[in-house]
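In case you want the letters, here they are:
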Amino acid sequence: MSLAEDDQLTAQPVIETPRFLLRPLRRSDAGLIAHYTSELRLARMTTSIPHPLPPGATEAFITRATESNRVEDVWAMDASEQGGAEVMGLISLERLTDGNQAEIGYWVAPPFWNTGHASEAVRAMVQANPFGSATMFASVFQDNAASARVLTNCGFEYIGDAEAFSVARNSAVPTWTYLRRMD
């Protein structure tokens, strides 16, 4: 399958930001995604990335992310057109059971931490609102203040505490939940 066919299969919009594109995943992204997600510091801040990363996990993730019946769309933060890295992180949007709501999730690779890339990606996703959602939700682990700042800087409001299971930590972790009304 060519890259053009791979992009068409996902039927997701490409979203432009000032410094990079948010584009659908490609099978060729597997190496960089595996490289970044194999790092414990990153995996610990997510619910679903295991540590150590098992063989084939990244390829299985990309397969799920590009299936036609998926409930979550995933975009790569790609700065290659501006001379940067082809994958600096991922951002996702999951359709919730109430079709007018979505949950946003993201991670940025450690070499790109504290560069504003997460805020830029979240801001672009909110502005694009590809599902036409009335509200977007997000949650972050309470020991990830940088991610909480990304959400508040992008107009999300804190709505409460909860907890979520982290595969990398093998435990439930306290979270903060945020909401953004798409008025």
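It should be noted that the structure appears before, not after, this text.
Here's a quick rundown of the structure.

Reading the values: the criteria
Residues numbered from 1 in each chain as written. Predicted model: local features only at pLDDT ≥ 70, side-chain atom pairs only at ≥ 80, totals over all residues. Heavy atoms only, no water. Salt bridge = Lys/Arg side-chain N within 4 Å of Asp/Glu carboxyl O. Buried < 20%, exposed > 50% of the residue type's maximum accessible area, 1.4 Å probe, protein only. Helix = DSSP H or I, 4+ residues; strand = E, 2+ residues; numbered from the N terminus. Arc of directions from axis to C-beta. Contact = heavy atoms within 4.5 Å. Phe/Tyr/Trp six-rings, centres within 6.5 Å; stacked < 30°, edge-to-face > 60°. Core = buried A, V, L, I, M, F, W, Y, C linked by side-chain atoms within 4.5 Å. Pairing = 2+ DSSP bridges.

1. Looking at the pattern of salt bridges
So, step 1. In total, this model carries nine salt bridges according to the counting rule given.
So, step 2. Between Arg41 and Glu39 there is a salt bridge; the shortest N-O distance is 2.4 Å.
So, step 3. Taking the relative accessible area as the measure of exposure, Arg41 reaches 46% and is therefore partly exposed.
So, step 4. Taken together, the salt bridges that share partners define one network made up of Arg23, Arg26, Asp29, Asp78 and Glu86.

2. Considerations on helix α2 (residues 30-37)
So, step 1. Regarding α2, the residues found buried are Ala30, Ile33, Tyr36 and Thr37. Looking straight down α2, one finds that the buried residues subtend no more than 140° of arc, so they occupy a single side. Counted as exposed and oriented over 90 degrees from the buried face of α2: Gly31 and His35.
So, step 2. The inward-facing, buried residues of α2 abut α3 (40-43), α4 (57-65), β4 (89-95) and β5 (101-108).

3. Description of the packing of aromatic side chains
The description of an aromatic ring pair uses the distance of the two centres, along with the angle that the planes make with each other.
So, step 1. Counting across every chain of the model gives three aromatic pairs.
So, step 2. Residues Tyr36 and Phe112 carry aromatic rings whose centres are separated by 6.4 Å and whose planes lie at 85° to one another, so their mutual orientation is edge-to-face. Highlighted residues: Tyr36 in helix α2 and Phe112 in the loop between β5 and α5 (117-128), separated in sequence by 76 residues. The pair formed by Tyr36 and Phe112 is uniform in burial state, with each residue classed as buried.
So, step 3. Chaining the aromatic ring pairs together yields one cluster made of Tyr36, Trp107 and Phe112.

4. Remarks on the environment of Gly155
So, step 1. Relative to the helices and strands, Gly155 resides in the loop between α6 (145-153) and β7 (157-166).
So, step 2. Taking the C-alpha atoms as reference, Gly155 lies 9.8 Å from Met182; in sequence the two are 27 residues apart.
So, step 3. Apart from the residues lying within four places of it in its own chain, the contact partners of Gly155 are Leu179 and Arg180.

5. Details of the nonpolar core
So, step 1. Formed by 47 residues in total, the largest nonpolar core has its most connected members in Leu22, Ile91, Val122 and Phe156.
So, step 2. Among all residues touching Phe156, those that are not within four sequence positions of it are Ile104, Val122, Val126, Met136, Phe137, Ala138, Leu151, Tyr178, Leu179 and Arg180.

6. As for the pairing of β5
So, step 1. Looking at chain direction, β4 and β5 are connected through seven bridges and run antiparallel. The residue of β5 that forms the bridge with Arg95 is Ala102.
So, step 2. Hairpin connection of β4 to β5: five residues between the antiparallel strands.
So, step 3. The sheet contact formed by β5 and strand β6 (residues 135-141) spans three bridges and is parallel. Residue Gln101 lies in a different strand from β6, and its bridge partner there is Thr135.

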